[in-house]
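Structural description and commentary
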Amino acid sequence: DVVEGEAMLAVTGFAFHKLGLTFDNISPHEYLSVTQGIKFADLAAMSPVDAIKAVPPEGMAQMFLAITAVEIYELTHKDGKLASDETVAPGLQPGGLTGDLGWNPLGIEVTDRRRLSELQNGRAAMFAISAWVAAETIPGSVPFPPLPW
């Protein structure tokens with residue numbers, strides 16, 4: 001499912017930020033937004049939650065539009081082709097929104113076991129990002145000792 005994939009991306013981004021693997025270290029550009037005067041180094045000095053809050057509205061709109069494009073593609077395509085002869089969008093039918101966008105560059109065989117593993121990993125990622133954001137924003141909300149990062 002696409003939602004689980006988005007959670008996995010959120011976990012990856014959060015972890016990369018906490019580990020210091022931020023765009024100020026790898027991007028050839030100094031600024032996230034020249035017009036707003038926001039540098040990647042400024043965001044790297046913040047917590048992940050504060051950094052996402054500092055992204056300008058235009059940047060948030062770009063992220064929203066990119067996710068929307070993927071969701072619309074999934075709703076309107078079946079087997080990698082536009083489903084123009086359907087009375088209901090393929091993504092709204094039973095079995096719709098499978099998260100299969102037809103992109104498999106390694107040609108890995110997708111079995112039911114792999115689908116289940118991917119779904120379970122995505123659900124674990126949802127819990128992880130929820131716990132990390134809670135721990136970051138509400139002191140004492142997660143009953144674990146602070147991590148060394």
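As shown above, the structure is provided for reference.
In short, a report on the structure.

Parameters at a glance
Residues numbered from 1 in each chain as written. Predicted model: local features only at pLDDT ≥ 70, side-chain atom pairs only at ≥ 80, totals over all residues. Heavy atoms only, no water. Helix = DSSP H or I, 4+ residues; strand = E, 2+ residues; numbered from the N terminus. Buried < 20%, exposed > 50% of the residue type's maximum accessible area, 1.4 Å probe, protein only. Contact = heavy atoms within 4.5 Å. Phe/Tyr/Trp six-rings, centres within 6.5 Å; stacked < 30°, edge-to-face > 60°. Patch = residues over 30% accessible without salt bridge, like charges linked within 9 Å, V, L, I, M, F, W, Y side chains within 5 Å. Areas by Shrake-Rupley, 256 points an atom, 1.4 Å probe, with all protein chains shown as cover. Salt bridge = Lys/Arg side-chain N within 4 Å of Asp/Glu carboxyl O. Core = buried A, V, L, I, M, F, W, Y, C linked by side-chain atoms within 4.5 Å.

Time to look at the overall build of the protein. When helices and strands are counted, the protein shows 6 helices and 4 strands. Along the chain direction, N to C, the helices and strands of the protein fall in the order α-α-β-β-α-α-α-β-β-α. Relative to its full complement of 149 residues, the protein shows a buried share of 18%. Taking all contacts inside the protein whose residues are at least 6 apart in sequence as the whole, residues at least 24 apart take part in 50%.

This structure, assessed with the given rule, holds 2 aromatic pairs. Here Phe 23 and Phe 40 contribute two aromatic rings whose centre-to-centre distance is 5.4 Å and whose plane-to-plane angle is 45 degrees, an arrangement assigned as tilted. Here the residue Phe 23 occupies a position in helix H2 (residues 23–26), and Phe 40 occupies one in helix H3 (residues 40–44), the gap between them amounting to 17 residues.

Taken together, the side chains of Phe 16, Leu 19 and Leu 21 define a hydrophobic patch exposed on the protein surface, amounting to about 310 Å² of accessible area. As for its position among the elements, Phe 16 is in helix H1 (residues 2–18). Taking relative accessible area as the criterion, Phe 16 reaches 44% and is therefore assigned partly exposed.

Ranked by size, the top nonpolar core spans 6 residues in total: Ala 7, Val 11, Phe 14, Val 49, Ala 125 and Ile 129. Listed by contribution, the elements that provide at least two residues to this core are H1 and helix H6 (112–137). Broken down by element, this core gets its largest block of residues, 3 residues, from H1. Not counting the four nearest positions on each side in its chain, Ile 129 is found in contact with Ala 10, Val 11 and Phe 14.

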